[in-house]
Amino acid sequence: SGETTVSEKNTAKTLGSGGLDVFATPAMILLMENTAAESVAKFLDENFSTVGTKIDIKHLSPSPIGAKITCNTKVISQDRAKIEFEVKAFDNAGLIGEGKHERFIIDKETACTKIMQAVSLILFILLLSKRLHPTPLQIPTKPGDWSDA
């Protein structure tokens, strides 16, 4: 299980997800994802990790600054590399959030190679677009600027 304490750093007001000094939904989601990832990491070879791909949660109750938040996760299904979790978060008063979270087991080296290939492709496209359009395109803004050509 994972845990945190509500502080000014993880409130809705600070994180921009609302205007109140209560535990932010994005902070709860982060706690749920981290708890799920850590719960299976110990069973994976060091060359493997997991990545979050889906989360469907309900934030049921606000938690004030100072509240201790705990999170429990439970694997509810696994299909090859896909792992589905039930996630629940609690404060001192009870259940504050619940839902499902999905993670995939990945090979770190393969993932890094794919990321580098994607970055290389993006850089190539940017370089190519600069060669084709060395100066920024001028987009007409007034009807009289449009030509029939």
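So, a few notes on the structure that sits alongside this text.

### Some remarks on unusual backbone geometry
Moving on, step 1. Of note in this structure, R80 is not a glycine but carries a positive phi near 55°.
Moving on, step 2. With respect to the secondary-structure elements, R80 resides in the loop between β3 (68-79) and β4 (82-91).
Moving on, step 3. You can call R80 exposed: its relative accessible area is 72%.

### Focus on the nonpolar core
Moving on, step 1. Of all hydrophobic cores here, the largest spans 19 residues; its most connected members are F23, M28, M32, I69, F85, A89 and I96.
Moving on, step 2. At the level of secondary structure, the elements contributing two or more residues to this core comprise α2 (25-41), β3 and β4.
Moving on, step 3. At six residues, the largest contribution of residues to this core is made by α2.
Moving on, step 4. Filtering out sequence-adjacent residues up to four positions away, M28 remains in contact with F23, I57, K58, H59, A89, I96 and G97.

### A look at the sheet that holds strand β1 (residues 2-5)
Moving on, step 1. Spatially, the five strands line up as an open sheet ordered β1-β3-β4-β5-β2, and their pairing is antiparallel. At either margin of the open sheet sits one strand with a lone partner, and together these are β1 and β2 (48-59). Neighbour to neighbour, the strand axes of the sheet diverge by 25° on average, direction disregarded.
Moving on, step 2. As paired strands, β2 and strand β5 (residues 94-107) are joined by eleven bridges and run antiparallel to one another. The residue of β5 that forms the bridge with S49 is I106.
Moving on, step 3. In the packing of α2 onto the sheet, the strands contacted are β1, β2, β3, β4 and β5, and the crossing angle to β2 comes to about 140°.

Reading the values: the criteria
Residues numbered from 1 in each chain as written. Predicted model: local features only at pLDDT ≥ 70, side-chain atom pairs only at ≥ 80, totals over all residues. Heavy atoms only, no water. Helix = DSSP H or I, 4+ residues; strand = E, 2+ residues; numbered from the N terminus. Buried < 20%, exposed > 50% of the residue type's maximum accessible area, 1.4 Å probe, protein only. Core = buried A, V, L, I, M, F, W, Y, C linked by side-chain atoms within 4.5 Å. Contact = heavy atoms within 4.5 Å. Pairing = 2+ DSSP bridges. Axes fitted to C-alpha atoms, helices over the stretch in contact; angles between N-to-C directions.

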